[in-house]
Amino acid sequence: MTFLARAGLLTTCLLLASWGPAIAQTPGLMRATPEMLVAPGTHPAEGFSADGVEAVFYNGLPWKGKPTRVFAWIGVPKLQPGEKAPGIVLVHGGGGTAFDSWVRLWVGRGYAAIAMDTCGAVPKGSYGKWERHDAGGPPGYDFTTSLEPVADQWPYHAVADVLLAHSLLRSRPEVDIDRIGVTGISWGGYLTSIVSGLDDRFKFAAPVYGCGFLGDNSVWKPELEKLGERGQRWLALWDPSHYLPLGKAPKLWVTGTNDFAYPLDSLRKSYRAAGGSSTLCVRLRMPHGHGPAGENPEEIHAFADSILKGGKPLVEVSTVVRDGSTIRAAFAGQDPVASAQLLYTKADGSWPDRLWETAEARVDQAARTIDGQLPTGATAYFLNLVDPQGRVVSTQLRMVEKTDR
C-alpha cells in the first residue's frame with residue numbers, strides 16, 4: 001500500500017461526488033464552450049513593449065453584443081532546436097493587470113508564460129487605476145450585475161479570458177501542450193479555482209489566497225448579503241464551490257493564517273470540496289498581494305516543476321491525529337524534513353483577527369513522523385513542515401470543540 005493510501009494524505013482530498021449531478025442541472029452555470037478551447041485571433045499591441053516579452057491583444061468574447069479584445073504579455077524561454085517548453089497561465093488579482101515582470105519570472109524558470117488583463121484594461125496607469133481599452137470587456141468585481149444575462153457578467157468574461165489565454169499559449173509551437181498549469185492571486189486565485197473545474201487541459205492549478213464559499217465567509221460576505229437576491233444569484237452562478245469538485249488536476253493552495261479576504265474556514269471547505277489532490281502551504285501571517293508575496297512563493301515553483309518537469313515533489317503529509325494534547329502526522333518525500341512547527345490559535349470569532357502562535361514540533365526522521373504538544377485552550381491548529389530549501393507544506397486545519405479545550 002502506498003504512503004498516500006496508508007496515511008490518508010490530505011493530497012487525496014475528498015471529492016464530493018454527490019455535487020456533480022446537482023451542478024450539471026444548475027440553470028445558467030458556466031461551462032467551457034468550443035470557442036474558448038481554440039486559439040483566439042491576435043492583434044498587435046502598438047505602444048506596449050517590455051524586455052523579453054511580447055505584447056498582444058487577442059479576441060475575447062462579445063460583451064453586450066460588441067466584440068472585445070484582451071491584452072496579454074507572452075514570454076517564451078530560449079530553447080534548443082526541437083525542444084518544447086512547459087507553460088504557465090498567470091491570473092492577476094484585484095487592482096492588478098497583466099504584469100510583464102510576472103511573465104519574465106516564469107520565463108527565467110524555463111516556462112512559456114502568458115498573463116492577461118481580465119478587467120477590460122491595459123497595463124497603462126497605476127495599481128488599481130489601469131486605463132480601460134476601448135474594446136475591453138466588463139470591468140471587474142461587480143456583484144450588482146448578477147441578474148443580467150450570464151454571458152455579459154464579469155466572471156463569465158474573466159474565466160473565458162483565462163481559457164482563451166490558455167488556448168493561445170497552447171497554439172505556440174514552442175509550447176508543450178501536455179505540460180501547462182495555471183496560478184492566480186487573490187481574485188486571480190478565485191478565478192483559478194473556477195477554471196480548475198472547467199478546463200481539464202490544465203495539469204495543475206495553484207490558487208494563491210483565493211478560494212470558494214464566499215457567501216459562508218469572506219470579506220465580501222456583508223456586501224453580498226446586503227444585495228439580497230442579486231447577491232444570492234451571484235453566489236449561485238459564480239462561487240468557486242460549484243466548480244471545484246469538477247476538476248481532477250492536482251492543486252496547491254497558498255495563503256496565510258490571517259488572510260483578510262479569504263479566511264481559513266472558507267479555504268478549508270474549498271480544499272475539502274475540490275476534486276483531485278490538494279497540497280497546502282499556509283504561512284504564519286503571510287502578506288496579501290502581488291509581487292514577492294503572491295508571485296514568488298517557491299512552493300509554487302517546486303509544485304510546477306514536480307508535475308511538468310519531473311522535479312522533486314513537495315513533502316507529502318498525512319492528516320493530523322490527536323491523542324490528548326499530542327498532535328502527530330506522518331510524512332513522505334525524497335528529502336528529509338528540516339524542521340516543523342505547530343501553529344495554533346486560542347481565539348474564537350473572526351478568522352482574520354485571530355492571534356496565531358507557534359510551537360516547535362519534533363521531527364522523527366526514522367519514523368517519518370512529526371509531533372507537537374497542543375496548548376490548553378487552543379481553538380484551531382495545524383502543522384507546518386519545512387524542507388531543506390525552506391519550502392512549507394501544511395497539514396489540514398483542525399478545529400477543537402469547546403468540550404475538548
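Here the distance between the centres and the angle between the planes together describe a pair of aromatic rings. As enumerated under the stated definition, the model contains 18 aromatic pairs in all. Ring plane angle 25° and centroid distance 5.2 Å describe the contact between Tyr 141 and Trp 187, whose orientation is recorded as stacked. With Tyr 141 in the loop between β7 (129-132) and α4 (154-170) and Trp 187 in helix α5 (residues 187-195), this residue pair connects regions lying 46 residues apart in the sequence. A relative accessible area of 5% means that Trp 187 is categorised as buried.

A few words now on the nonpolar core. Within the largest apolar cluster, 123 residues are counted, with the highest numbers of intra-cluster contacts made by Val 89 and Tyr 190. Not counting the four nearest positions on each side in its chain, Val 89 is found in contact with Ile 114, Met 116, Val 162, His 166, Leu 169, Ile 180, Gly 181, Val 182, Thr 183 and Phe 202.

With that out of the way, let us pick up the pairing of strand β4 (residues 85-91). Looking along a regular strand, one sees side chains alternate from face to face of the sheet. The buried fraction of β4 amounts to seven of the seven residues, a majority that puts the element mostly inside the structure. Sheet topology note: the β4/strand β8 (residues 175-185) ladder contains six bridges and is parallel. What sits directly across from Ile 88, in β8, is Gly 181. Here five bridges tie β4 to strand β5 (residues 112-116), and the two strands are oriented parallel to one another. Each residue of the ladder has a partner; that of Gly 87, found in β5, is Ala 112. Note that the unit made of β4, helix α3 (residues 100-107) and β5 has a crossover that is right-handed.

Calculation notes
Residues numbered from 1 in each chain as written. Predicted model: local features only at pLDDT ≥ 70, side-chain atom pairs only at ≥ 80, totals over all residues. Heavy atoms only, no water. Phe/Tyr/Trp six-rings, centres within 6.5 Å; stacked < 30°, edge-to-face > 60°. Helix = DSSP H or I, 4+ residues; strand = E, 2+ residues; numbered from the N terminus. Buried < 20%, exposed > 50% of the residue type's maximum accessible area, 1.4 Å probe, protein only. Core = buried A, V, L, I, M, F, W, Y, C linked by side-chain atoms within 4.5 Å. Contact = heavy atoms within 4.5 Å. Pairing = 2+ DSSP bridges. Right-handed = clockwise from strand over helix to strand, strands pointing away.

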